[in-house]
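Chain by chain, the residues:
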Amino acid sequence: MSFLSTLLDAAIQAGTVFVFAALGETISERAGVLNLGVEGMMLVGALSGFATTVVTGSYWLGFGAGILAGVLLSFVHAVLCITLKSNQEISGVMITLLGTGLTTFFGQAWVSSSINGFPEMTLPFVGQSLVRIPLVGEALFHSTATDFLAMLLAPVCWYFLFRTNIGLELTAVGEDPETADTMGVDVFRMRYLAVLIGGGFAGAAGAHLSLAYAQLWTTSITAGRGWIAVALVIFAQWRPIRVLLGAYLFGLLDALQLRSQALTLTLDPSAPLAGVLNPVLSFLLDPTIMATYPYIVTIAVLAFTVIRSDDGTLAVPSALQQSYSREMD
Amino acid sequence: MDVEIDVTAREHVPRWLAYAIPVTTIVAALTVSSLALVALGVDPLAAYSTMFVDTLTSEFGVVQVLEKATPLILTGLAVYIPLQAGLGNIGAEGQLLFGALAGTWVGLNVALPGALLVPLMFVVAAAAGALWAFVPAILRAHWNINEIITTLLFTFIAQNVRNYLLSGPMQGETANFPQTALLSAAATVPNISDTGIHAGILVAVAAVVLAYVALSRSRFGFEVTFVGSNPDAATYAGIDKRHVYVLVLIVGGALAGLAGISDISGVQGRFQNSYSPGYGFTAIVIALLGRNSALQVFVAALFFGVLFVGGTSMEVLMGVPAALVDVIQALVILFLITAEFFKRYRVGVRLERDPIRATVENGGVGE
């Protein structure tokens, strides 16, 4: 495989985490509930998925356990934000702290365990021929089952949100809950549904991380990927297909940083400015400095997206972060 | 007979509730955690007695609590002050790290007598912490970009900058470990006379007093709380919201920087790569527990100081994993978010008896 196709392959694998997490966040925010607890839900999903796989030997059971753990933690967020009308930002941050604390405490016992996680495979039925497509064939059609699932989920989410009744009701609740209520949509039930789906996706993102991508458990394995996913949703303007593309873009960044650990790039000492540029290059390519790039790029992209749409074209759901109650208060 | 529960929004948070919530939260968390102790076969009362009574009645314990509390008070304020303006500075950990790195650099590379060097280290650490909060502050003030996300992402950047500096430019020459050389005596925060407590606690206490006075007695404090309670009305009243947002966040960053340098210079003695104390995250819980006043932040930080120190001695003496403190902290968080609800809504439980009988018992019709 060429360097480029290897890189694309790595980008897809690294991007899957963001696909799951950011699609879940999209659905939750589309219904009007901001979920800043993604990072915590991912951690809980990663640990319970990993522990279940160690105990049962089945990575599919582990994946299911990860989803379930994400759903359970998001249920706390739902009760707090929807029924008890707490501040969504505070609740989300607290959920992340809670997930971090719980997984640090209970995760210690699992740090040195090893598993047989999701294997790489060629997509069944059609993969054998498609995998020979130059450049992208290997990346798209030879991967883990969870990678395939993530690719499939983006169009499914798009269809769900914009082509099904229940999806349209869900987005209506995020835009104008009063009107939706008048039209007979159960605002509370719809928001619960959205938050729980979001939690399940976050749990799946975590389980994919520990079962397919890293195939191990370490404390704080997510390393801020949940927060990048939250930013990604804004960048993608709450659209599932753009979420997918954005996720692979961030995956590429992750992959670049991992692939170039040993990368050295220096100018010939006789070249003009080599004395100045060589130290700069070695600084920029230092692995610890390269590790900051995903975060810097996230902030830059977030700033760029928001500033560019300063004229009000940012497609943020109108009722995002607004709790809803039927009586006037 | 009918049980009726009605939930109504509060217009004001009553004063007693502002104190009852943090206390109830902590008591509830300790009560639930005692179940974990019972499961481990430990008598919860004995364990809590070791944790709290023994810690607070020994001189060594008190010194350690104050040492732990110093960075917790400062980072607590670093979250609390922006919170008063309605902002969530959850990246105090990154500001702490960056401030501490800059202050340590000064301590290692500037030759001055201690009376000048230590203050210079503190000033530089505060400036560096403020700098670390500056970009999120500008993005929030001018383009409404969520500061919760950006300050946290800056924490991840700070962690990697730390890794870079300690395994390269700032690495101590004698050691092969990713850490700096030891700070000289001149670069070490002196102890308060012979108490064994380093003077950083004085900085923390001064910060509490200043924050209390500034927020409750000054024009700046009025603007901060006005913007925090109703940004639109504040703008209408002629307050520049952007100005307030930038100011509270860089003040928060500066306080976190002070927390970092006082801990490195006063307690650690050198900056090690493994130094990531998590004070900036505990600070979020502290700020929410004490969000009614800077004095409450102070008390909450002391409480967590006792919890950390007592947790360690409980581990040594009774074999209870110190990670129980993490569980207690998680439970505090859980009860705290539930308490949010009771703060904003009044829940009335009424036992409504049969209306006719009630009328008869009240002396018949005619009232």
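See the structure shown above.
Residues numbered from 1 in each chain as written. Chains lettered and ligands numbered in written order. Predicted model: local features only at pLDDT ≥ 70, side-chain atom pairs only at ≥ 80, totals over all residues. Heavy atoms only, no water.

### Quick notes on the overall build of chain B
The following threshold applies: Strands are runs of DSSP state E lasting at least two residues, helices are runs of H or I lasting at least four, and both sets are numbered from the N terminus onward. Using a 1.4 Å probe on the protein chains alone, a residue whose accessible area is under 20% of its type maximum counts as buried, one over 50% counts as exposed, and one in between counts as partly exposed. Every residue pair with non-hydrogen atoms within 4.5 Å of one another is taken to be in contact. What sets the accessible areas is the Shrake-Rupley method with a 1.4 Å probe; for residues, cover comes only from the shown protein chains.
Each helix and strand in chain B was counted, giving 14 helices and two strands. Each principal axis of the C-alpha atoms in chain B carries an extent, and together these give about 90 × 60 × 35 Å. Out of the 367 residues belonging to chain B, those deemed buried represent 50%. Sequence separation of at least 24 residues holds for 77% of the intrachain contacts in chain B that already meet a minimum separation of 6. A total accessible area of about 16500 Å² is found for chain B, and carbon and sulfur atoms account for 64% of it.

### Here's the deal with the nonpolar core
Short version of the rule: Grouping buried Ala, Val, Leu, Ile, Met, Phe, Trp, Tyr and Cys residues that are joined through side-chain atoms within 4.5 Å yields what is termed a nonpolar core.
Counting 201 residues, the largest nonpolar core has Trp227(A) and Leu77(B) as the members making the most contacts within it. Once residues within four sequence positions are removed from consideration, Trp227(A) is found in contact with Leu36(A), Glu39(A), Val93(A), Thr96(A), Ile90(B), Ile148(B), Ile149(B), Leu152(B), Leu153(B) and Phe156(B). Ala78(A), Cys81(A), Ile82(A) and Val195(A) belong to the second largest nonpolar core, which has six residues in total.

### Comments concerning the pattern of salt bridges
Residue and element names in this part refer to chain A. Going by this rule: We count a salt bridge whenever a side-chain nitrogen from Lys or Arg sits within 4 Å of a carboxyl oxygen from Asp or Glu.
Applying the stated criterion across every chain yields a total of five salt bridges over all chains. Notably, a salt bridge pairs aspartate 186 with arginine 189, separated by 3.8 Å at the nearest N-O pair. Residue classification places arginine 189 among the exposed residues on the basis of a relative accessible area of 63%. One salt bridge connects arginine 225 with aspartate 254, and the closest N-O pair in it is separated by 3.4 Å. Separated by 29 residues along the polypeptide, arginine 225 in helix H11 (residues 225-235) and aspartate 254 in helix H12 (residues 240-259) bring together distant segments of the chain. Here arginine 225 matches aspartate 254 in class, with each residue buried.

### Topic: the side chain of Thr171(A)
All names here are of chain A. Filter applied, for reference: Here a polar contact is recorded for every N or O atom pair within 3.5 Å, except that within protein the pair must consist of a potential hydrogen donor and a potential acceptor, and residues adjacent in sequence are included only if both atoms are side-chain atoms.
Mapped onto the fold, threonine 171 is located in helix H8 (residues 165-175). Separated by 2.9 Å, the side chain of threonine 171 and the backbone oxygen of leucine 168 make a polar contact. Look past the residues within four positions of threonine 171 in its chain and what remains in contact with it is Arg30, Leu161 and Phe162.

### Remarks on the packing of aromatic side chains
Heads up, the condition is: To pair, rings of Phe, Tyr and Trp, with the six-membered ring standing in for Trp, must have centres within 6.5 Å; the planes then decide the type, stacked if under 30 degrees apart, edge-to-face if over 60, and tilted in the middle.
Applying the stated criterion across every chain yields a total of 18 aromatic pairs over all chains. Between the aromatic rings of Trp60(A) and Phe63(A), the centroid separation amounts to 6.1 Å while the plane-to-plane angle is 90°, which identifies the pairing as edge-to-face. A residue pair is termed a helical-turn pair when its members lie 3 or 4 positions apart in one helix, as Trp60(A) and Phe63(A) do in helix H3 (residues 59-83) at three residues. Judged by relative accessible area, Phe63(A) falls into the buried class, the value being 4%. For the pair Trp132(B) and Phe154(B), a centre-to-centre distance of 5.4 Å together with 90° between the ring planes defines the contact as edge-to-face. Taken together, the positions of Trp132(B) in helix H5 (residues 114-143) and Phe154(B) in helix H6 (residues 147-166) put the pair 22 residues apart, joining distant regions of the chain. Each member of the pair Trp132(B) and Phe154(B) is classed as buried. Of the aromatic side chains, those joined through ring pairs into one cluster are Phe20(A), Tyr59(A), Trp60(A), Phe63(A) and Phe118(A).

### Comments concerning the interface of chain B and chain A
Quick reminder of the rule: All amino acids are sorted into three groups, where Ala, Val, Leu, Ile, Met, Phe, Trp, Tyr, Cys and Pro are nonpolar, Asp, Glu, Lys and Arg are charged, and the leftover types, Gly among them, are polar.
Contact residues are listed per partner, giving 36 residues for chain B and 41 residues for chain A. Here chain B and chain A share zero salt bridges between them. On the surface where chain B and chain A come into contact, there are one residue pair in polar contact (both at pLDDT 80 or more). The set of elements that each furnish at least two residues to the side of chain B that touches chain A consists of strand E1 (2-9), H5, H6, helix H11 (279-289) and helix H13 (324-344) of chain B. Of the residues assigned to the side of chain B that touches chain A, the class counts are 27 nonpolar, five polar and four charged.

### Here we look at the environment of Thr305(A)
Residues and elements named next belong to chain A. Assignment of secondary structure puts threonine 305 in helix H15 (residues 293-308). When the C-alpha positions of threonine 305 and alanine 78 are compared, they lie 28 Å apart, and in sequence the two are 227 residues distant. Other than its neighbours up to four places away in sequence, threonine 305 contacts Ile234, Phe235, Gln237 and Leu314.

### With respect to the packing of H11(A) against H15(A)
Residues and elements named next belong to chain A. Using the following cut-off: Axis lines are fitted through C-alpha atoms, for helices just across the contact stretch, and the angle between N-to-C directions can take any value from 0 to 180 degrees. The labels follow the angle: roughly parallel below 35 degrees, roughly antiparallel above 145, roughly perpendicular from 65 to 115, and oblique for the rest. Note on convention: near helix rotated counterclockwise from far helix by under a right angle means a left-handed crossing. Clockwise means right-handed.
Axis separation between H11 and H15 bottoms out at 9 Å; the angle between their running directions is 30°. Accordingly, the angle class assigned to the pair H11 and H15 is roughly parallel. Viewed along their axes, H11 and H15 form a crossing whose handedness is left-handed. For the pair H11 and H15, contact is made by Ile228, Ala231, Ile234 and Phe235 and by Pro294, Tyr295, Thr298, Val301, Leu302, Thr305 and Val306, respectively. Counted by class, the contact of H11 with H15 contains nine nonpolar, two polar and no charged residues.

### Focus: helix H7 (residues 145-163) of chain A
As a reminder, the rule being used: Expected span of a helix, by definition, is 1.5 Å for each gap between consecutive residues, and there is one gap fewer than residues. The angle between axes fitted to the seven residues ending at a residue and the seven residues starting there is what we call the bend at that residue.
The terminal C-alpha atoms of H7(A) lie 26 Å apart, and with 19 residues this matches the ideal 27 Å at 1.5 Å per residue to within 8%. When the local axis directions of H7(A) are compared, the greatest deviation, roughly 25°, occurs at Leu153(A), which is followed within four positions by the proline Pro155(A).

### Regarding a nonpolar patch on the surface
So the rule is basically this: Only residues whose relative accessible area exceeds 30% and that form no salt bridge enter a patch; like-charged residues are grouped when within 9 Å of one another, and nonpolar side chains (Val, Leu, Ile, Met, Phe, Trp, Tyr) when within 5 Å.
On the surface, Leu267(A), Leu273(A), Val276(A), Leu277(A), Val280(A), Phe283(A) and Leu284(A) cluster together into a nonpolar patch covering about 570 Å² of accessible area. Note that Val280(A) resides in helix H13 (residues 274-284).

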